[in-house]
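Reading the structure
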Amino acid sequence: MGFSRRQFLGGGLALGGALATGAPASILRGLGIAKEVNAAPVNDQEKISYSCCNPECNNCSLQVHVRNGKLVRISPNPNYYTRPCLRGRSRLQWNYHPDRLKYPFKRVGERGEGKWERISWEEALDTIATKLGQIRDESGPESVWFTAGAVMSVLPNSMQRRFANAFGKGVMTGGIGSLCCAAQGEASTATQGYRTAGIEEKAYSKLLIAWGHNPAVTYIPHSRIMADALDKGCRLITIDPRFSETASKADKWISIKPGTDTAMAMAMIRIIIEENLYDEKFALGRSNLPFLVNEATGKLLRQDDVVAGGDHEAFVVWDQSTNGPALPNEAVAPVLEGTFKIGDLTVRTVFARLRERVAKFTPEYASEITGVPAEDISEVAYTYATVKPAMIDSGMSGAQRTSSGAYFVQSLLNLAGLTGNIGLLGGGVNDTGGFSHGTNVAINAPFKADNKGVIPATKVGEYLSEGKPYPIRAIYWQGKGMGQLPNTNKVVEGFKKMDFIVVQEHFFGDAASLADIVLPVATLFERYDVMCNSRSFYYHLMDKAIEPFMEAQSDGWIYTELAKRLGFGEYFDKTEEEWIDVVLEQTGLTVESLRKSGPVYQWSDPKLNKYGVKWDKKPFTFFVDTPFKTASGRFEFHASRWEDKGFEPLVNYFPPEESKETAPELYEKYPLSLVANKIRTKVHSTYAIMPWLSEIYPKGWVTMSTVDAEARGIKDGDMVEVFNDRGSVKVTAHVGNGIRPGVVSMPNGWWMQQGYCSSVLSNDYTHPQAYGHALNSTLVQVKGV
Ligand code: SF4
């Protein structure tokens, strides 16, 4: 690629200038756009089409400039509410990266030895179809494990799901839970019915609490919205063991021990309850705090518990006007607190049980657990309870990537619910998305799905290497960063036991280097795709702008060719554009309409607006007009979903799975808590080898406190080894006071082959409540080398 460092830095300065001069009102730009494409080509030869950046990030709308069949520039869509960051712009370099896979390859040496032979597509596809079919016929469809990376895109992942479904005649393999936001999603679903994103709403907040979240680098465009709010007088508190980039802009930085955040939140809940700072109207009218719980079972009381032939789906409150039980919507004077007798049953309100649950979490008690001074806990609680609207900006917080992450997220939602910050513009808990737009993303699996082949997303290494719950013999791996999987050395061990591995990718990454067949795939500019299910409320067409590089092919084409060879080609009878029309069919949008309009905001058209939102051109606020999609239709402090599944339904604190309290012997050996932080040059492991970005951060590092460094004779800039029983990484030490003693942090996102992959150290613990990632419940030791 013909871009010098000087040219790139010039581009970076131009971007910086644009960001610096943006008007605060710019956050509303683009709300409701459904306009003709208005970006003028630079010259007659230049063609511009729309695309969209990472599904796992902000879904920034991109304008893709093509001249003479070549991608020449990526620019912001002037009608969109955010502008692409340095990562999105580096996709230009990604496309023409010198290491891009040009042809299909087959392994000719030992697995992982790095000996490859170029083969034709014909040979590659025939080999894959024969091997996969043979293994399926010998050992069942669950012995072939299909998996896809989250960030590659929407259509390829849906096509893989369809392929796996048809291949297994319904038996679906893949992962359960996730490596990022499973706890966030599970707790939001249990409490509210679905996840919410308050990205644009931040501009209306008077208080933001960035809790384990660092949007200044993870969601760069959001930090502009945050900056706009701060300019208007909003206060910012960050709660993070690291003095992060976001903390550097905060009014207050709370340095907390990793994995103890729920204890601080429970202390705040206690203050809000004991000081009567809660919103009684919301508590009584919209939450299940007045619902009665059977003291003997700990379960919510149902109408059929107290009335013969009553409705099991109906919950019960205590009505003061009759001094007896009543249905919530029929009670004249429901009470929030009390213990009552109904026949032989002793019942108590959820509110009373919550008060009891948090009773021991005095600021002093929480201080002992969290390391946060008691007066700081009190100050944050009082500030949060008295400044409205207040948003807890948790994103996909590092604090939920712990062994009991779902209770952490529940504790944040409890805080928002208690203070009446739910259904309030500028309030709520911003978890940065995961919102479904009512599209047909799974593309109608041809067979009824049977998920017996799924394995926990964080347990890949253990399950592959130990043959759990049944022997997996083959892997079909699509665009996924192996270096994101915890306990990565165990994953490599599992790979080495496989009979056959296919990887379709852009580069010879960590998984590809262990494969039997490697297939070169088209980038998002070289095929068609759609974005409609993730981090924004927009529908985007990702139009094909250029022909695929060398012999690369689209994922859709590959699955179609393999399906033909495996005898189920009839389920792959459409072009990519036709599949996108199927995805969009419930919306009334089409490839053609999106091509003309650019991104479409979903509240702007009644057909797209499945919640019937009364849209007034302000950012949409959940739960003003929209219902809670829980069993009770209310905001559930006592999560009936968890009660049904056998999990503790009320917020609770559990110490991290690896900690002094829970694993004292391990702590003896490895006394430092490791947190894996994100950096601005990566989204997970995406962009890890983009030269422009690698100039900014060429090597990995570990950040440690002066106290911990001095105790180990380590100076700033020294090479050190960070290690535990799972692995070891050699990096440079960054020593300072921007991290609390007892904690070290390593940026996450390097590939294993780059040598700085922090995931080799990460805990692969998961809990069936959410099957989330516990990478921030990890103990390590550091020594000089
Ligand atoms: S990486 Fe994220 S913030 Fe940057 S351009 Fe892509 S979607 Fe936007």
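Residues numbered from 1 in each chain as written. Predicted model: local features only at pLDDT ≥ 70, side-chain atom pairs only at ≥ 80, totals over all residues. Heavy atoms only, no water.

Taken together, 13 residues sit near the ligand, with Cys53, Cys57, Cys60, Cys85 and Arg87 positioned nearest. When its residues are assigned to classes, the shell around the ligand shows eight nonpolar, four polar and one charged. (Near = heavy atom within 4 Å. Nonpolar A, V, L, I, M, F, W, Y, C, P; charged D, E, K, R; others polar.)

What follows is about the pattern of salt bridges. This model, assessed by the stated rule, comprises 45 salt bridges. Residue Arg565 pairs with Glu122 through a salt bridge whose shortest N-O separation is 3.0 Å. Placement of Arg565 in helix H18 (residues 555–566) and of Glu122 in helix H4 (residues 121–139) is noted, with a sequence separation of 443 residues between them. Two residues, Lys468 and Glu462, come together in a salt bridge whose shortest N-O distance is 2.3 Å. Judged by its relative accessible area of 30%, Lys468 is partly exposed. What you see here is one network of salt bridges that share partners, running through Lys459, Glu462, Glu466, Lys468, Lys490, Glu493 and Asp764. (Salt bridge = Lys/Arg side-chain N within 4 Å of Asp/Glu carboxyl O. Helix = DSSP H or I, 4+ residues; strand = E, 2+ residues; numbered from the N terminus. Buried < 20%, exposed > 50% of the residue type's maximum accessible area, 1.4 Å probe, protein only.)

On to the environment of Cys53. Here Cys53 lies in the loop between strand E1 (46–52) and strand E2 (61–67). C-alpha of Cys53 to C-alpha of Tyr756: the two residues are 703 residues apart in sequence and 26 Å apart in space. Setting aside residues no more than four positions away along its own chain, Cys53 makes contact with Asn59, Cys60, Leu62, Gly88, Arg91, Met531 and Tyr687. (Contact = heavy atoms within 4.5 Å.)

With that settled, the discussion passes to the packing of aromatic side chains. Throughout the structure, instances matching the rule amount to 43 aromatic pairs. Aromatic side chains Trp318 and Phe340 sit 4.3 Å apart centroid to centroid with 5° between the ring planes, which places their arrangement in the stacked category. Here Phe340 lies in strand E15 (residues 339–342) and Trp318 lies in strand E13 (residues 317–319), a separation of 22 residues in the sequence. The burial state of Trp318 is the same as that of Phe340; both residues are buried. A cation over a ring is seen here: Arg118 above Tyr103, with NZ or CZ 3.5 Å from the ring centre. Of note, Lys682 hangs over the ring of Trp750, and the distance from its end group to the ring centre comes to 3.8 Å. (Phe/Tyr/Trp six-rings, centres within 6.5 Å; stacked < 30°, edge-to-face > 60°. Lys NZ or Arg CZ within 6 Å of the ring centre and 35° of its normal.)

So, about the nonpolar core. With 84 residues, the main nonpolar core has Trp211, Met264 and Tyr384 as its most contacted residues. Considering every element that reaches this core, the biggest residue donor is helix H9 (residues 261–274), with ten residues. If we ignore the near neighbours within four places in the chain, the residues touching Tyr384 are Leu207, Ile209, Met268, Ile272, Ala390, Ile392, Leu415, Ala416, Thr419 and Asn421. Counting residues in hydrophobic clusters, the runner-up holds 81 residues, among them Ile135, Ala164, Tyr539 and Trp751. (Core = buried A, V, L, I, M, F, W, Y, C linked by side-chain atoms within 4.5 Å.)

The next subject is helix H12 (residues 350–358). One turn of an α-helix holds 3.6 residues; hence residues three or four places apart share an orientation. Within H12, the full set of buried residues consists of Val350, Phe351, Ala352, Arg353, Leu354 and Val358. Buried-residue contacts for H12 involve H9, strand E11 (292–294), strand E12 (299–300), strand E16 (345–349) and helix H15 (405–418).

Once that is clear, we can look at the UniProt feature "domain: 4Fe-4S Mo/W bis-MGD-type" (unreviewed entry) in the protein. Residues annotated by UniProt as "domain: 4Fe-4S Mo/W bis-MGD-type" (unreviewed entry) correspond here to residues 46–105. From the first C-alpha to the last, residues 46–105 spans 35 Å; its make-up is 15% helix and 37% strand. (UniProt positions renumbered as here; feature names shortened; annotations may be inferred.)

Now for the packing of helix H5 (residues 154–167) against H18. H18 packs onto H5 with a crossing angle of 10° between their chain directions and a minimal axis gap of 9 Å. By the angle between their axes, H5 is roughly parallel relative to H18. Contacts between H5 and H18 involve Pro156, Met159, Gln160, Phe163 and Phe167 from the first element and Asp555, Gly556, Tyr559, Leu562, Ala563 and Leu566 from the second. Of the residues in the contact of H5 with H18, the class split is eight nonpolar, two polar and one charged. (Axes fitted to C-alpha atoms, helices over the stretch in contact; angles between N-to-C directions. Parallel < 35°, antiparallel > 145°, perpendicular 65-115°, else oblique.)

As a further point, take the packing of H5 against helix H19 (residues 576–583). Orientation of H5 relative to H19, taken along the N-to-C sense of each, is 90°, at an axis distance of 11 Å. The pairing of H5 with H19 is recorded here as roughly perpendicular in orientation. Two secondary-structure elements touch here, H5 through Leu155, Met159 and Arg162 and H19 through Glu576, Trp579 and Ile580.

Take the sheet that holds strand E20 (residues 474–478) next. Picture the strands of a sheet paired through backbone hydrogen bonds; they go either parallel or antiparallel. Read from one edge to the other, the open sheet built from six strands follows the order E5-E4-E22-E21-E20-E6, with strand pairing classed as mixed. Unpaired on one side and paired on the other, strand E5 (116–118) and strand E6 (144–148) mark the two borders of the sheet. Adjacent strand axes in the sheet meet at a mean angle of 15°, parallel and antiparallel pairs treated alike. Summarising the sheet, strand E21 (residues 500–505) and strand E22 (residues 517–520) pair through four bridges and their orientation is parallel. Residue pairing in the sheet places Gln504 in a bridge with Leu519 of E22. Running over the sheet, H4 touches strand E4 (105–107), E6, E20, E21 and E22 and is turned about 130° from E22. Each of E20, E21 and E22 is contacted by H18, which is oriented at about 150° to E20, the strand it contacts most. (Pairing = 2+ DSSP bridges.)

Looking at the protein, the domain boundaries give domain 1 (105–174 + 439–522 + 554–580), domain 2 (280–357) and domain 3 (664–784). Placing a centre on the C-alpha atoms of domain 1 and another on those of domain 2 gives a separation of 50 Å. (Domains from an automatic or database assignment.)

Moving on, we get to the side chain of Thr681. Residue placement: Thr681 occurs in the loop between strand E26 (672–677) and helix H23 (691–696). In this structure, Thr681 is in contact with Leu86, Arg87, Thr686, Tyr687, Leu693, Ile696 and Tyr697, ignoring residues within four places of it in sequence.

Let us look at the sheet that holds strand E18 (residues 429–430). With parallel pairing, five strands are arranged side by side in an open sheet as E10-E9-E8-E17-E18. Of all strands in the sheet, those bounded by a partner on one side alone are strand E10 (252–254) and E18. When strand E8 (residues 207–211) meets strand E9 (residues 235–239), the two strands line up parallel, connected through five bridges. Following the sheet pairing, Ala210 is matched in E9 by Thr238.

With twelve residues, H18 should cover 16 Å at 1.5 Å per step; its first-to-last C-alpha distance of 16 Å lies within 8% of that length. The element H18 is largely enclosed, with a buried count of nine among its twelve residues. Among all positions in H18, only Asp555, Gly556, Ile558, Tyr559, Thr560, Glu561, Leu562, Ala563 and Leu566 are buried. Of the surrounding elements, those touching the buried residues of H18 are H4, H5, E20, E21, E22 and H19. With its phi angle positive at about 90°, Gly567 sits one or two positions after the end of H18. (Expected span 1.5 Å × (residues − 1).)

On the surface, a cluster of negative charge is contributed by Asp304, Asp305, Asp311 and Glu313. Within the secondary structure, Asp304 is located in helix H11 (residues 303–306). Given a relative accessible area of 31%, Asp304 falls into the partly exposed group. (Patch = residues over 30% accessible without salt bridge, like charges linked within 9 Å, V, L, I, M, F, W, Y side chains within 5 Å. Areas by Shrake-Rupley, 256 points an atom, 1.4 Å probe, with all protein chains shown as cover. Lys, Arg positive; Asp, Glu negative; His and termini not counted. Charge placed at Lys NZ, Arg CZ, Asp CG, Glu CD.)

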